[in-house]
Every structure is written in structure tokens, then in C-alpha cells.
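Examination of the molecular architecture
The residues making up each chain are set out below.
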Amino acid sequence: MTSIETGEFKKLLEAERARLHDAVDFLAKENAVSVEDEELGGRGVDSHMADMATATYDRELDEGLEEGAQTTLDEIEAALGRIEDGSYGVCEVCGKPIGAERLSAIPWARLCIDDQRRLR
Ligand SMILES: [Zn+2]
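Below or above, wherever it landed, is the structure these notes cover. (Residues numbered from 1 in each chain as written. Predicted model: local features only at pLDDT ≥ 70, side-chain atom pairs only at ≥ 80, totals over all residues.)

**Overview of the overall build of the chain**
- For the chain, the count of helices and strands is six helices and zero strands.
- Counting helices and strands in the order they occur from the N terminus, the chain gives α-α-α-α-α-α.
- Counting all 120 residues of the chain, 11% fall into the buried class.
- Within the chain, contacts between residues at least 6 apart in sequence are counted, and of these 62% link residues at least 24 apart. (Helix = DSSP H or I, 4+ residues; strand = E, 2+ residues; numbered from the N terminus. Buried ≥ 20, exposed ≤ 12 C-beta atoms within 10 Å, placed from the backbone. Contact = placed C-beta atoms within 7 Å.)

**Observations regarding the environment of Val-24**
- On the secondary structure map, Val-24 appears in helix H1 (residues 6-31).
- Along the primary structure Val-24 and Leu-73 are separated by 49 residues, whereas in three dimensions their C-alpha atoms are 9.8 Å apart.
- When neighbours within four sequence positions are excluded, Val-24 is seen to be in contact with Ala-69 and Gln-70.

**Describing the nonpolar core**
- Grouped together as the largest cluster of nonpolar side chains are nine residues: Phe-9, Leu-13, Ile-76, Ala-79, Tyr-88, Ile-98, Leu-103, Trp-108 and Cys-112.
- Within the residue set of this core, elements represented by two or more residues are H1 and helix H4 (65-85). (Core = buried A, V, L, I, M, F, W, Y, C linked by C-beta atoms within 7 Å.)

**A closer look at the environment of Leu-103**
- The residue Leu-103 is located in helix H5 (residues 100-105) in this model.
- Looking at Leu-103, the number of C-beta atoms within 10 Å reads 22, which means it is buried.
- Setting aside its immediate chain neighbours within four residues, Leu-103 contacts Ile-4, Phe-9, Gly-89, Ile-98 and Ala-109.

**Some thoughts on H1**
- When the terminal C-alpha atoms of H1 are compared, their 37 Å separation across 26 residues agrees well with the 38 Å that a helix rising 1.5 Å per residue should span.
- Turning to H1, its buried residues number three or more, namely Phe-9, Leu-13 and Ala-23. (Expected span 1.5 Å × (residues − 1).)

Shown next as C-alpha cells:
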């Protein structure tokens, strides 16, 4: 067994999960009628926050986020489950270690780079 530092990857996964949850929540609220905004009207800080959130939303929408975010969230949940059961960081196809460098870039990766390429 290779001993990768799963604690670090767990933190990365949890941070990314929180970020994506916010993005998904925001998309859901964006689709609802924003009565709340009108009732709060005139609070400078809140509208500034909303502008920042909108900028993030617009940027990520370009990448087709809404579906992608949910898919990635599922992958993150699965990866956190693999950390719990001790199979994290092992390629599901060949059983070799995925490699810390690849996991740093994509903490929820389930295939080593060779098998990932073979799928394409
Ligand atoms: Zn592999």
C-alpha cells in the first residue's frame, strides 16, 4: 500500500464540495423569484455581495456548470467515501496508485492518468 496523505485530500474535497454547494444553491435561488432582494432594498453590502455572486455565476455558466457541478458533487461524495473505506487514490481499472500529483489536480479522480486517457 502506498501511503498518500488522505487528510489533505479530504480537506480539498470538502472545500470543493462547499464551493459547489454554494454554486448549486445560487443557481437554484437565481431561478426563483427574488422577493427577498426587493424587501431588503438599499443595503449596500448585500447588493455588492450579490454582484460578486452574479459574476461567479456568469463565469461558471459558460462552462455549463449546473449539470457539471452536480456530477462533480457526486464524484466528491464518492471520493470521500473511498477515503473512509481506505480505497482512495487507487485506480479502479488497474489497481495501481493514482499518484499524489494527479490527485492534487483532481482530488476526486478514480482512474490513473493512463486509464483515463484510454477512455477517451
Ligand atoms: Zn489505471
